[in-house]
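Topology and contacts: notes
Read off the chains here:
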Amino acid sequence: MITTDRMAAVDANAAALGVPRKQLMESSGNAVAREVRAAADPGATVALVCGRGNNGGDALVAARFLDGYDVAVHLLGRRETIRTDIARENWTALESAEIQSETVTDSREFGLGGPDGDDPDVVVDAMLGSGIAGGLREPERTAAEAINASDATVIAVDVPSGIDADTGDPTGGAEAIAVNADRVVTFHDEKPGLAALDAEVTVADIGIPAAAERFTGPGDLLGLDRDPDSHKGDNGEVLVVGGGPYTGAPTLSALAALRAGADLVRVACPESVASAVQGFSPNLIVRGLPGDRVGPAHAERVASLAADNDIVVLGPGLGDGDGTREFVREFLTAYEGRAVVDADALRVVPDVDTDADLICTPHQGELVGMGGETAGDPAERAELVREFAAEVGHTLLVKGAVDVIADGDDVRLNRTGNPGMTVGGTGDVLAGTVGALAAVTEPFHAAAVGAYVVGRAGDAAAEANGAGLVATDLPDRLPEAMRNE
Ligand SMILES: NC(=O)C1=CN([C@@H]2O[C@H](COP(=O)(O)OP(=O)(O)OC[C@H]3O[C@@H](n4cnc5c(N)ncnc54)[C@H](O)[C@@H]3O)[C@@H](O)[C@H]2O)[C@@H](O)CC1
Ligand SMILES: [K+]
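Calculation notes
Residues numbered from 1 in each chain as written. Chains lettered and ligands numbered in written order. Predicted model: local features only at pLDDT ≥ 70, side-chain atom pairs only at ≥ 80, totals over all residues. Heavy atoms only, no water. UniProt positions renumbered as here; feature names shortened; annotations may be inferred. Helix = DSSP H or I, 4+ residues; strand = E, 2+ residues; numbered from the N terminus. Buried < 20%, exposed > 50% of the residue type's maximum accessible area, 1.4 Å probe, protein only. Contact = heavy atoms within 4.5 Å. Areas by Shrake-Rupley, 256 points an atom, 1.4 Å probe, with all protein chains shown as cover. Near = heavy atom within 4 Å. Polar contact = N/O pair within 3.5 Å; in protein donor to acceptor, adjacent residues only side chain to side chain. Pairing = 2+ DSSP bridges. Right-handed = clockwise from strand over helix to strand, strands pointing away. Axes fitted to C-alpha atoms, helices over the stretch in contact; angles between N-to-C directions. Phe/Tyr/Trp six-rings, centres within 6.5 Å; stacked < 30°, edge-to-face > 60°. Lys NZ or Arg CZ within 6 Å of the ring centre and 35° of its normal. Domains from an automatic or database assignment. Buried area = accessible area lost by both parts, 1.4 Å probe. Nonpolar A, V, L, I, M, F, W, Y, C, P; charged D, E, K, R; others polar.

The name that an unreviewed UniProt entry assigns to the chain is Bifunctional NAD(P)H-hydrate repair enzyme, with the source organism given as Halorubrum ruber. Per its UniProt entry, the chain bears the Subunit (unreviewed entry) comment "Homotetramer."

**Some words on the overall build of the chain**
Within the chain, the secondary structure is distributed over 15 helices and 16 strands. Viewed in the frame of its principal axes, the chain has a C-alpha envelope of about 90 × 45 × 40 Å. Residues classed as buried in the chain amount to 53% of the 485 residues present. Considering only contacts within the chain whose residues lie at least 6 apart along the sequence, 70% involve residues at least 24 apart. When the accessible area of the chain is evaluated, it comes to approximately 20,300 Å², of which 45% is carbon and sulfur surface.

**Focus: the site of ligand 1**
By nearness alone, 25 residues border ligand 1, and D58, R83, G129, G135 and D158 come closest of all. In the model, an oxygen atom of ligand 1 is placed 2.9 Å from a nitrogen or oxygen of the G131 main chain. At 2.7 Å from a nitrogen atom of ligand 1 is found a main-chain nitrogen or oxygen belonging to G135. Coverage of ligand 1 by the protein amounts to 88% of the 870 Å² it exposes when considered alone. Among the elements of the structure, α1 (4-16), α2 (21-39) and α3 (54-64) are those that each provide at least two residues to the shell around ligand 1. Broken down by element, the shell around ligand 1 gets its largest block of residues, four residues, from α2.

**Observations concerning the UniProt feature "binding site: K(+)" (unreviewed entry) in the chain**
As recorded in UniProt, the feature "binding site: K(+)" (unreviewed entry) lies at N55, D125 and S161. A maximum C-alpha distance of 9.4 Å among these annotated residues, which run over 107 residues, shows that they cluster at one spot. Ignoring any residue separated from it by four or fewer positions in sequence, one finds N55 in contact with D125, A126, M127, L128, G129, V157 and D158. Along the polypeptide, S161 turns up in the loop between β5 (153-157) and β6 (183-187). Residue classification places S161 among the buried residues on the basis of a relative accessible area of 0%. Beyond its immediate stretch of four places on either side in the chain, S161 contacts D125, M127, L128, L136, A178 and V179.

**A few points about the environment of E35**
Mapped onto the elements, E35 comes out in helix α2. The buried category is assigned to E35, whose relative accessible area is 7%. For E35 and I155, which are 120 residues apart along the polypeptide, the C-alpha to C-alpha distance reads 7.7 Å. Ignoring anything within four residues of it in the chain, the contact list for E35 reads I155, R183, V185 and T202. Here T202 takes part through its side chain, which lies 3.1 Å from a polar atom of the side chain of E35.

**Details of the pairing of strand β9 (residues 264-270)**
Along β9, seven of the seven residues are buried, which leaves the element largely enclosed by surrounding structure. Alignment of strand β8 (residues 237-241) against β9, held across five bridges, turns out to be parallel. Each bridged residue has a counterpart across the sheet, and for L239 the counterpart in β9 is R266. Remark: the β8/helix α7 (residues 248-259)/β9 crossover connection has right-handed handedness. By the bridge criterion, five bridges tie β9 to strand β10 (residues 285-289) in an arrangement that is parallel. Counterpart to V267 in the pairing with β10 is V286. Once you follow β9 into helix α8 (residues 271-280) and on to β10, the crossover reads as right-handed.

**Thoughts on the sheet that holds strand β16 (residues 411-414)**
Ordered by their spatial adjacency, nine strands build an open sheet running β10-β9-β8-β11-β12-β13-β14-β15-β16, and the pairing between neighbours is mixed. In the strand order of this sheet, the two ends are held by β10 and β16, each with one partner. Ignoring which end each strand starts from, the neighbouring axes of this sheet average 15° apart. Strands β8 and β9 of the sheet are contacted by α7, whose axis makes an angle of about 170° with β9.

**A few points about the packing of aromatic side chains**
Counted according to the given criterion, the structure contains two aromatic pairs. Arranged with centres 6.2 Å apart and planes meeting at 20°, the rings of F327 and F331 form a pair that is stacked. Residue F327 and its partner F331 are located together in helix α10 (residues 324-334), separated by four residues, close to a single helical turn. With a relative accessible area of 2%, F331 lands in the buried category. When the ring of F331 is compared with that of Y335, the centres are 4.9 Å apart and the planes differ by 25°; the resulting orientation is stacked. One exposure class covers both F331 and Y335, and it is buried. Members of the aromatic cluster, each reached through a chain of ring pairs, are F327, F331 and Y335. We note R415 situated over the ring of F215; from NZ or CZ to the ring centre the distance is 3.8 Å.

**Here we look at the domain arrangement of the chain**
For the chain, the domain assignment lists domain 1 (4-214) and domain 2 (222-481). Taken together, the contact pairs seven residues of domain 1 with six residues of domain 2. Buried area between domain 1 and domain 2, both sides added, is near 500 Å², and the carbon and sulfur share of it is 48%. If you sort the residues of domain 1 by the area they bury against domain 2, R6, L17 and R214 come out on top, with a joint share of 74%. Put simply, the parts of the chain that give the side of domain 1 that touches domain 2 at least two residues each are α1 and α6 (211-214). Considering every element that reaches the side of domain 1 that touches domain 2, the biggest residue donor is α1, with four residues. Its residues assigned to classes, the side of domain 1 that touches domain 2 shows four nonpolar, no polar and three charged.

Printed below as a string of structure tokens:
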């Protein structure tokens, strides 16, 4: 099963792997034509009703694969209104090939039949697919009524027009009109909403490489854009809890969280290091905790600070001194929100009883310290991480040459990054980045995107600085790494 949003991400990842959308459209169109051949013998009349998006583009391709059939293409709009270059190129190809095609601009002029007014044997519904928003407008609405009133076998491309592929409900509300399809040929994977429909569903393999789903890619960044109307705080408030023996670690996490898009980043650290942390950047809000180590006496104060933030990043630079583990245990036992847990705080996770939603970011050694297992073979390692995530009941991001992200159900691999990133501090950057992302998206997605963009920032830093790469190079490169291109 794949949702519309995930499908869009996978599609963009496939393009980044060298399989562009136009190539997928060619496969989709071919699959639609095969479905027509399965439904009717050569010589049959086939009306392809095409919208102006890529759903329509799939049927424009199909028309080229239907030699031997009496084909008529109805484009719902003028050529200039076709929304994508690839669909327009396929329209031009049809016109050049002199395949019978007409443009419909006025719904009153829409008719499915040939000159004698008979219904065609097959109608291909390629008006709207995953790009639909709201109920069918004109001329799609009139065309849907005509399709539903005809005796033809109706084959829907990807999803019947007017239906939400994620839910199976009409996009215009319960009573709204949608195409009533006999068959649906959908692409790449089953869609959650199709099973409930009274139609025979075929899933067509369109050549999206499995790696487009298995590995992170630029498509995973889709949907993370800021809402232009958002206010301060809407894009995440992050509390970093750390420091004591180390000052750099919490600072790196906090700066990374800011560069990864958080609106406000607060650092709770021992008073002994508070002014040093503040000295790194005026953009940080620093809250000093009495003493030079974070300990159990601070659990209540940190809990009240945490309540004012969307997410806590727990661990950077905390160390493993007297009382640190007790602090982490006490804090997590009472905390019910979302947190990224890194470094020394990780050891506590497997045996703490918490309602918090955690993203743990261990490297292989820390994973073993938590009680997890690792393996040399990447596929085996991924499966072990998935099983361990299910066991601890949290999201895991296990750092390595290939990072493994798992939440017990899903597993994703990330291969951005480079050996130069084994320098100290890159893990703190990652924890802060994941923290900022987890304030605005789901934990698994946040962990996967975090790994991807920090690796990308590291790759850019390595290109600029070679073996001289240091962790402080990374935060400033995050905004560029998060651009979806
Ligand atoms: N990986 C993928 O996602 C692939 C998608 N493909 C096809 O591309 C389709 C998605 O294409 P698009 O994103 O171009 O979207 P659609 O072709 O579904 O819709 C395109 C346009 O229709 C208009 N529209 C939206 N709601 C409307 C409404 N209620 N009434 C009238 N017009 C409306 C909008 O202007 C929208 O841009 C899929 O359903 C599938 O058929 C395939 O070509 C191959 C791969
Ligand atoms: K459709």
